[in-house]
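Structural characterization, general
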Amino acid sequence: MKSHNIVIYIYLAVFIKFFGFQACQAMEPITPLPSKHGQDPDIVALGERLFHDVRLSHGQQTSCASCHILEQAGVDGLAKSYGLDEYTTLFNTPTVFNSRYNLYQYWDGRAETLEGQIRMVIANPKEMDGDWNEILNILHRDPSYISQFSQSYEKGLTQESIVDALVVYIRSLITPDAPFDRYLKGDQNAITEDAKQGYALFKGYGCSACHQGVNIGGNLFQQLGVMENYFEKRGKWDQSDLGRYVHSQKDKDRFVFKVPSLRNVARTGPYLHDGSVEKLDKAIRIMGRYQLGRSLKDDEVLKIERFLESLTGSYQGVPL
Ligand code: HEC
Ligand code: HEC
């Protein structure tokens, strides 16, 4: 009997030695980003061109990159962005980095695919107000586009291939190699002691019940104000605060938003769907109070902030 037990212990020790780390990693609520985007480089180059091309918008005023500035972590740093003419967007501009890992696009998740999202933004009268006939006419006059499209697409330059090239480009915008991802992969020194404690709080207090998975968000819908009415405290609210309700007209969807990704969050302020929160520490306190019913202590906020800072990854080898 005894020797039997010893054999089991030895098996167990060997198992932990070889599989322990992977087994532990599998239990974490957050998983590292893949290191490669796996997209066709020619189509990525084409999509990159389109992303920066104002000719996709009415009056040739705006490109995707006007609001999603890649050098600024894929956002413009404004509470609301400037669209066409004097319009400002209804919502704060989220980053395009890692958006391929969101299960839904937009703050209220009304686009389920990147294709759908791109068609909506080009058509949106406040954003690009693009007209497909006009866009196709203009781009067809550019011989370099014609040859670039015909190299990658059988049918050449069409509405479908324009949308596809943009989707492929967006899929290439990933930011692997965040210090926290290196830590998850076993490098104990990749993040500071404070960040480790911040991560423990993030899990212990239940932030990770909502912000989890490879994008640390992007895969669930939740009310802003689970524990306490956020909008009553903040003051007047309008249609843009109603979240999914605007589309479903169901009471349970009032103030319900997509849980946003927290990757690169230290670089993507201002925060929340309305861009009303300037600083990350304030966003953390709001989450503690309204989502978890907790008043976080100063040192807890600081540690969680250090953890969130360790989620800043690299694009093409350069930290955002
Ligand atoms: C006028 C500013 C502006 C322009 C131009 C713009 N966007 Fe956006 N983008 C936004 C805003 C604001 C949102 C959030 C809107 C919402 O939630 O309803 C957004 C959301 C997105 C999302 C979803 C991200 C997420 O986490 O939900 C993607 C992807 C995206 N845009 C890509 C693009 C592409 C591609 C283009 C060009 C074809 C483009 N955007 C042009 C402002 C802009
Ligand atoms: C019940 C689900 C839930 C929990 C728990 C939760 N969050 Fe959130 N979080 C959300 C939702 C939903 C939003 C978007 C709200 C909005 O903008 O209207 C959000 C937004 C954020 C933002 C702003 C992101 C941005 O890009 O604007 C940060 C930062 C954040 N959460 C961190 C945390 C931290 C830290 C905790 C734990 C203290 C936490 N969250 C707990 C659901 C949750």
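1. What to know about the site of ligand 1
Not every one of the 28 residues close to ligand 1 is listed here, only the nearest: Cys-64, Cys-67, His-68, Tyr-106 and Lys-258. Take Tyr-106: an N or O atom from its main chain is 2.6 Å from an oxygen atom of ligand 1. Interatomic distance of 2.9 Å between a side-chain N/O atom of Arg-110 and an oxygen atom of ligand 1. Elements represented by at least two residues in the shell around ligand 1 include exactly α3 (64-67) and α4 (114-123). In terms of residue count, α4 provides more of the shell around ligand 1 than any other element does, 5 residues in total.

2. So, the coordination of the iron atom of ligand 2
The protein atoms donating to the iron atom of ligand 2 are His-211 (NE2) and Met-287 (SD), with metal-donor distances spanning 2.1 to 2.3 Å. The site at the iron atom of ligand 2 holds 6 donor atoms, and with the angles between them running 89 to 180°, its shape is octahedral. Taken together, the residues span a long stretch of sequence, with His-211 in the loop between α9 (193-204) and β1 (221-223) and Met-287 in helix α12 (residues 280-292) at a distance of 76 residues.

3. A short note on the side chain of Ser-99
When you line up the elements, Ser-99 lands in the loop between α3 and α4. Residue classification places Ser-99 among the buried positions, given a relative accessible area of 5%. Ignoring anything within four residues of it in the chain, the contact list for Ser-99 reads Gln-105, Leu-114 and Ile-170.

4. Quick notes on the site of ligand 2
Surrounding ligand 2, one finds 21 residues, the nearest of these being Cys-207, Cys-210, His-211, His-273 and Met-287. A distance of 2.9 Å separates a nitrogen atom of ligand 2 from a polar atom in the side chain of His-211. Leu-272 has a polar backbone atom sitting 2.8 Å from an oxygen atom of ligand 2. Per element, the largest residue contribution to the shell around ligand 2 is 4 residues, and it comes from α12. Looking at the shell around ligand 2, its residues break down into 16 nonpolar, 5 polar and no charged.

5. Quick word on helix α5 (residues 132-140)
It helps to recall that an α-helix has 3.6 residues per turn; residues three or four apart then point in one direction. The complete set of buried residues in α5 reads Trp-132, Ile-135, Leu-136, Ile-138 and Leu-139. Taken around the axis of α5, the buried residues stretch over an arc of 165°, which confines them to a single face. Packing partners of the buried residues in α5 comprise α2 (41-51), α4, α6 (143-152) and α7 (159-172). The opening residue of α5 is Asp-131, an N-cap whose side-chain oxygen sits 3.2 Å from the backbone nitrogen of Asn-133.

6. Considering unusual backbone geometry
For the peptide bond that leads from Gly-269 to Pro-270, omega is -5°, which places it in the cis range. Structurally, the position occupied by Pro-270 is in the loop between β2 (256-258) and α12. One non-glycine residue, Ala-73, lies in positive phi territory at about 60°. Tracing the backbone shows Ala-73 in the loop between α3 and α4. For Ala-73, a relative accessible area of 1% translates into the label buried. One non-glycine residue, Ile-216, lies in the positive phi region at around 55°. On the secondary structure map, Ile-216 appears in the loop between α9 and β1.

7. Structural notes on the coordination of the iron atom of ligand 1
Octahedral metals with six donors have ideal donor angles of 90 or 180 degrees. Tetrahedral metals with four donors have an ideal donor angle of 109.5 degrees. What the protein offers the iron atom of ligand 1 as a donor is a single atom, His-68 (NE2), at 2.1 Å. On the secondary structure map, His-68 appears in the loop between α3 and α4.

8. A short note on the domain arrangement of the protein
Interfaces are frequently sized by the accessible area removed from exposure as the parts join. Domain assignment breaks the protein into domain 1 (41-172) and domain 2 (179-319). Placing a centre on the C-alpha atoms of domain 1 and another on those of domain 2 gives a separation of 26 Å. With 26 residues of domain 1 at the contact, the number on the domain 2 side is 25 residues. At the boundary of domain 1 with domain 2, total buried surface from both sides reaches about 2,100 Å², with 59% on carbon and sulfur atoms. Taken together, the links from domain 1 to domain 2 amount to 9 residue pairs in polar contact (both at pLDDT 80 or more).

9. Considering the packing of aromatic side chains
Given two aromatic rings, their pairing is described by the distance between the two centres and the angle made by the two planes. Evaluation of the coordinates by the stated rule reveals 14 aromatic pairs. Centroid distance Phe-180 to Tyr-183: 5.9 Å. Interplanar angle 40°. Geometry classified as tilted. Of this pair, Phe-180 and Tyr-183 both sit in helix α8 (residues 179-184), separated by 3 residues, roughly a single helical turn. According to the relative accessible area criterion, Tyr-183 is buried, its value standing at 18%. Seen from their ring centres, Trp-237 and Phe-255 are 5.4 Å apart, and the 85° between their planes marks the pair as edge-to-face. Here the residue Trp-237 occupies a position in the loop between α10 (230-234) and α11 (245-248), and Phe-255 occupies one in the loop between α11 and β2, the gap between them amounting to 18 residues. Of the aromatic side chains, those joined through ring pairs into one cluster are Phe-180, Tyr-183, Tyr-199, Phe-202 and Phe-307. For the cation-ring pair, Arg-110 lies above Tyr-106, with the distance from its terminal atom to the ring centre recorded as 4.0 Å. Cation over ring: Arg-254 sits above Tyr-245, and NZ or CZ is 4.3 Å from the ring centre.

About the thresholds
Residues numbered from 1 in each chain as written. Chains lettered and ligands numbered in written order. Predicted model: local features only at pLDDT ≥ 70, side-chain atom pairs only at ≥ 80, totals over all residues. Heavy atoms only, no water. Near = heavy atom within 4 Å. Polar contact = N/O pair within 3.5 Å; in protein donor to acceptor, adjacent residues only side chain to side chain. Helix = DSSP H or I, 4+ residues; strand = E, 2+ residues; numbered from the N terminus. Donors = N, O, S within 2.8 Å, 3.2 Å for Na, K, Ca; no water. Tetrahedral: all angles 85-135°; square planar, octahedral: opposite > 155°, others 65-115°. Buried < 20%, exposed > 50% of the residue type's maximum accessible area, 1.4 Å probe, protein only. Contact = heavy atoms within 4.5 Å. Nonpolar A, V, L, I, M, F, W, Y, C, P; charged D, E, K, R; others polar. Arc of directions from axis to C-beta. Domains from an automatic or database assignment. Buried area = accessible area lost by both parts, 1.4 Å probe. Phe/Tyr/Trp six-rings, centres within 6.5 Å; stacked < 30°, edge-to-face > 60°. Lys NZ or Arg CZ within 6 Å of the ring centre and 35° of its normal.

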